[in-house]
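Residue-level listing of the chains:
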Amino acid sequence: MAIALVNTGSIAGAPFGPEPQTSDGDLIVKVGHGDRIAFEELYRRFARPVLGLALRMLGDHGRAEDASQETFAAVWRSAKSYRPERGSGSAWLFAVARHAIIDRARQRVDQVVDEPIEEPSAEAGPAEAAEQAWLAWRVHSALERLPERERVVLELAYWSGLSQSEVASYLDVPLGTVKTRTRAGLARLATHLEEARQ
Amino acid sequence: MSGPSDDLRELVGADVPQDELELLADADAALRATPAPPEESETLAKRVLAIPGQRSRGGDRRRALAGLAIAAGFAGAAFGIGLWAGGNGGPAFVEEVTLAATASAPEAAEMTLSVRERDDAGNWNMSGDVRGLPPLPDDHYYEVWLTKGDELAESCGRFAVDEDGRADNVWLNAPYRFSEFDRWVAVEVGPDGTTSDWLLDGPVAQRDAA
């Protein structure tokens, strides 16, 4: 079994160490062989990225959940066709998800949708909207690979509107711990974002 | 409630070296440019995690082909259209289409497309087996389309082949009314989205009733 090691060794003194983790691509290969455990792990990693992408493109939570289900059904059925040498597992999943979501958008009998709705990019062109969707996908999927303690701190710090002192109070940890976890989480996130870009 | 400080040093500590700070700044910028991820519901998790235990709609390909052969015997269908009891107890059409090589592809190239029963959302689920197409560069892929006249009309999915020119069980779908289209084709798509001449080509049966 191939194991992907998170490359965190490039920063001297960074307050975290490498964490072994099966790569997304290896999980997809396993799913292609009918491995249910790998499928569950893949869902755990990509449930929020897929749902986030579907929400961007469809703008409706119910339909986005339907599209998410269809995406993972497509993953289960088509994982055999994944070829690791052709690109990262995350990029393959992004393509599968986007296709499933576009199909869902086209299934509306009362509204023919030529191009899916991309809510946050109403003023952006198609290329910019696609770039924003890809960035959100990479950020959301990279977050899922962080240790829980770091992911929670980053999500609270960036998306809850809380200051770091308020995050520290909320989590009942010292402010210094919040800063340490923020530093470690950002470093790990940067590494994962770079990997996903390749 | 004030949100994250604009000063990254304030977020991560004043003792962080400059080279590390530059790396952290990339992640910081990405987070600031991205909306919060949604939380999936327990219902969705249950629905998705049940997928491996479900028999595929219309059964697996072998089952579909067996049903196809039996039904074809009764109906005398020349093109491989079968009628058999689907997983929900109701009738379901199954169609197997062969996309043959055009003059633009190697003579032995071929795709066998198994069209399974239509789901509740009106979506045709299909799987395909490909032989004889040349492997492509990393930034190219093959794509299956439904055509109208001489034009590519609707995409049904993408695939790649291995070094032997094969792809097995490629999953495709088509939420369209087949009666509106003329042909199934496969083309090569380049990094700029340009498409090749049709490489594989097969007829569309005019059936939307299932």
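It should be emphasised that the depicted structure is a prediction, and the values quoted were computed from it without experimental measurement. (Residues numbered from 1 in each chain as written. Chains lettered and ligands numbered in written order. Predicted model: local features only at pLDDT ≥ 70, side-chain atom pairs only at ≥ 80, totals over all residues.)

### Regarding the overall build of chain A
Stage number 1. The helix and strand tally for chain A stands at eight helices and two strands.
Stage number 2. Long-range contacts, defined here as pairs at least 24 residues apart, represent 63% of the contacts in chain A between residues at least 6 apart. (Helix = DSSP H or I, 4+ residues; strand = E, 2+ residues; numbered from the N terminus. Contact = placed C-beta atoms within 7 Å.)

### Comments concerning the pairing of strand 6 (residues 151-159) of chain B
Stage number 1. Two strands pair when backbone bridges link them, and strand 5 (residues 141-148) of chain B and strand 6 of chain B are joined in this way by seven bridges, in the antiparallel orientation. In the sheet register, Leu146(B) faces strand 6 of chain B, and the bridge partner there is Glu154(B). (Pairing = 2+ DSSP bridges.)

### Focus: the interface of chain A and chain B
Stage number 1. Counting residues at the interface gives 54 residues for chain A, matched by 48 residues for chain B.
Stage number 2. The element best represented in the side of chain A that touches chain B is helix 2 (residues 36-58) of chain A, accounting for 10 residues.
Stage number 3. Of the residues that constitute the side of chain A that touches chain B, the class distribution is 27 nonpolar, 13 polar and 14 charged. (Nonpolar A, V, L, I, M, F, W, Y, C, P; charged D, E, K, R; others polar.)

### Notes on the environment of Ala38(A)
All names here are of chain A.
Stage number 1. Its location among the elements puts Ala38 in helix 2.
Stage number 2. The spacing of Ala38 and Asp24 is 14 residues in sequence and 9.5 Å in space, taken between C-alpha atoms.
Stage number 3. Ignoring sequence-local partners within four residues, the contact set of Ala38 consists of Leu27, Lys30 and Val31.

### Thoughts on the nonpolar core
Stage number 1. Ranked by internal contacts, the top residues of the largest apolar core, which has 97 residues, are Val31(A), Leu42(A), Ala54(A), Val75(A), Ile101(A), Ala186(B) and Leu200(B).
Stage number 2. Take this core: its biggest share by element is 13 residues, from helix 2 of chain A.
Stage number 3. Two domains each put at least three residues into this core: domain 1 (1-10 + 20-145) and domain 2 (147-198) of chain A.
Stage number 4. Among all residues touching Ala54(A), those that are not within four sequence positions of it are Ala64(A), Ala67(A), Ser68(A) and Ile101(A). (Core = buried A, V, L, I, M, F, W, Y, C linked by C-beta atoms within 7 Å. Buried ≥ 20, exposed ≤ 12 C-beta atoms within 10 Å, placed from the backbone. Domains from an automatic or database assignment.)

### Here we look at helix 1 (residues 24-32) of chain A
Helical geometry note: an α-helix holds 3.6 residues per turn, so side chains three or four residues apart project in the same direction.
Residue and element names in this part refer to chain A.
Stage number 1. Looking only at helix 1, the buried set comprises Asp24, Gly25, Leu27, Ile28, Val29 and Val31.
Stage number 2. The elements touched by buried residues of helix 1 are helix 2, helix 3 (61-78) and helix 4 (89-106).
Stage number 3. Gly34 lies just past helix 1 and shows a positive phi near 85 degrees.

### A look at the packing of helix 6 (residues 148-159) of chain A against helix 7 (residues 164-171) of chain A
All names here are of chain A.
Stage number 1. At a minimum axis separation of 10 Å, helix 6 and helix 7 run at an interaxial angle of 135 degrees. In terms of axis orientation, helix 6 runs oblique to helix 7. In this structure, the crossing between helix 6 and helix 7 has a hand that is right-handed. Contact residues: Val153, Leu156 and Ala157 in helix 6; Gln164, Val167 and Tyr170 in helix 7.
Stage number 2. Each residue belonging to the contact of helix 6 with helix 7 can be placed in one class, and the counts come to five nonpolar, one polar and no charged. (Axes fitted to C-alpha atoms, helices over the stretch in contact; angles between N-to-C directions. Parallel < 35°, antiparallel > 145°, perpendicular 65-115°, else oblique. Left-handed = near helix turned anticlockwise from the far one by under 90°.)

### Overview of the packing of helix 3 of chain A against helix 4 of chain A
Residues and elements named next belong to chain A.
Stage number 1. Interaxial distance between helix 3 and helix 4 falls to 8 Å at its minimum, and their mutual angle equals 130 degrees. Between helix 3 and helix 4, the crossing angle belongs to the class labelled oblique. As helix 3 packs across helix 4, the resulting crossing turns out to be right-handed. Taken together, the residues of helix 4 that come into contact with helix 3 (itself represented by Arg63, Asp66, Ala67, Glu70, Thr71, Ala74, Val75 and Ser78) are Leu93, Val96, Ala97, Ala100, Ile101 and Arg104.
Stage number 2. Class assignment of the residues belonging to the contact of helix 3 with helix 4 gives a composition of eight nonpolar, two polar and four charged.

As far as function goes, none of this settles anything; it's purely spatial.
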